[in-house]
Amino acid sequence: QKQIDVTRQQINVQQNAVASKNRGILSESAPLEKRIKQLQYQEDQTKIVNPVDGVVLTKYAEEYEMTAPAKPLYKIANLSTLILRAYITGDQFSKIKNGQPVKVFADNGSGGYRQYEGTIEWISDKAEFTPKTIQTKDERANLVYATKIRVKNDGHLKIGMYGEVSF
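**Q** Could you give me a rundown of the packing of helix H1 (residues 2-27) against helix H2 (residues 29-45), with the residues and numbers involved?
**A** One can describe the packing of H1 onto H2 by two numbers: an axis separation of 5 Å at closest approach and a directional angle of 25°. As judged from the angle between their axes, H1 and H2 are roughly parallel. Here H1 contributes Ile-25, Leu-26 and Ser-27 to the contact with H2, which in turn contributes Ser-29, Ala-30 and Pro-31. Residue classes in the contact of H1 with H2 are distributed as four nonpolar, two polar and no charged.

Rendered as structure tokens:
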């Protein structure tokens, strides 16, 4: 019986010794788990995610090139819908409204026009001088209002093309 009691005491001493050693190791587990989460977050931040589906227009960095955080890598555009910037005169200003459907005409390459359906998305509330690159039919108008018209692209429209709008 005495040997059993002695053995039990030895077991208790060993268990206490192991528990005190484990306490030091276990106290390090919480900071290590936090560090793992930080590293996983950093890894998630290295993934490149496109905000839209589209076509790369310009590359600012090459493959395997080092870049700074938050530096753009490329310029991307969704070409399924394009925004036509049109300028209207003061007489036309009162005849249009946001959400109004319009007809948009673009050159088809053979001297004719291709017609598209568009929607007025934005109308400026301030007049500005006619831009030099824009030629309006009404040359007497000195002040115009900028508008943005959303047009579905069938693949024939390109960025920078000129177009005409019919209200």
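Having seen it, we continue.
**Q** Before we move on, could you go through the side chain of Thr-147 and cite the residues and values that matter?
**A** Mapping Thr-147 onto the fold places it in strand S7 (residues 143-152). With a relative accessible area of 1%, Thr-147 lands in the buried category. Setting aside residues no more than four positions away along its own chain, Thr-147 makes contact with Leu-84, Arg-85, Ala-86, Ile-88, Ile-96, Trp-122 and Ile-123.

**Q** Residue-level account of the packing of aromatic side chains, with values.
**A** Counted according to the given criterion, the structure contains one aromatic pair. Here Phe-93 and Tyr-145 contribute two aromatic rings whose centre-to-centre distance is 4.0 Å and whose plane-to-plane angle is 25°, an arrangement assigned as stacked. With Phe-93 in helix H3 (residues 90-93) and Tyr-145 in strand S7, this pair connects stretches of sequence that are 52 residues apart. Its relative accessible area of 30% is what places Phe-93 among the partly exposed residues. The residue whose ring lies beneath Lys-148 is Trp-122, and the NZ or CZ to ring-centre distance is 5.3 Å.

Reading the values: rules and limits
Residues numbered from 1 in each chain as written. Predicted model: local features only at pLDDT ≥ 70, side-chain atom pairs only at ≥ 80, totals over all residues. Heavy atoms only, no water. Axes fitted to C-alpha atoms, helices over the stretch in contact; angles between N-to-C directions. Helix = DSSP H or I, 4+ residues; strand = E, 2+ residues; numbered from the N terminus. Parallel < 35°, antiparallel > 145°, perpendicular 65-115°, else oblique. Contact = heavy atoms within 4.5 Å. Nonpolar A, V, L, I, M, F, W, Y, C, P; charged D, E, K, R; others polar. Buried < 20%, exposed > 50% of the residue type's maximum accessible area, 1.4 Å probe, protein only. Phe/Tyr/Trp six-rings, centres within 6.5 Å; stacked < 30°, edge-to-face > 60°. Lys NZ or Arg CZ within 6 Å of the ring centre and 35° of its normal.

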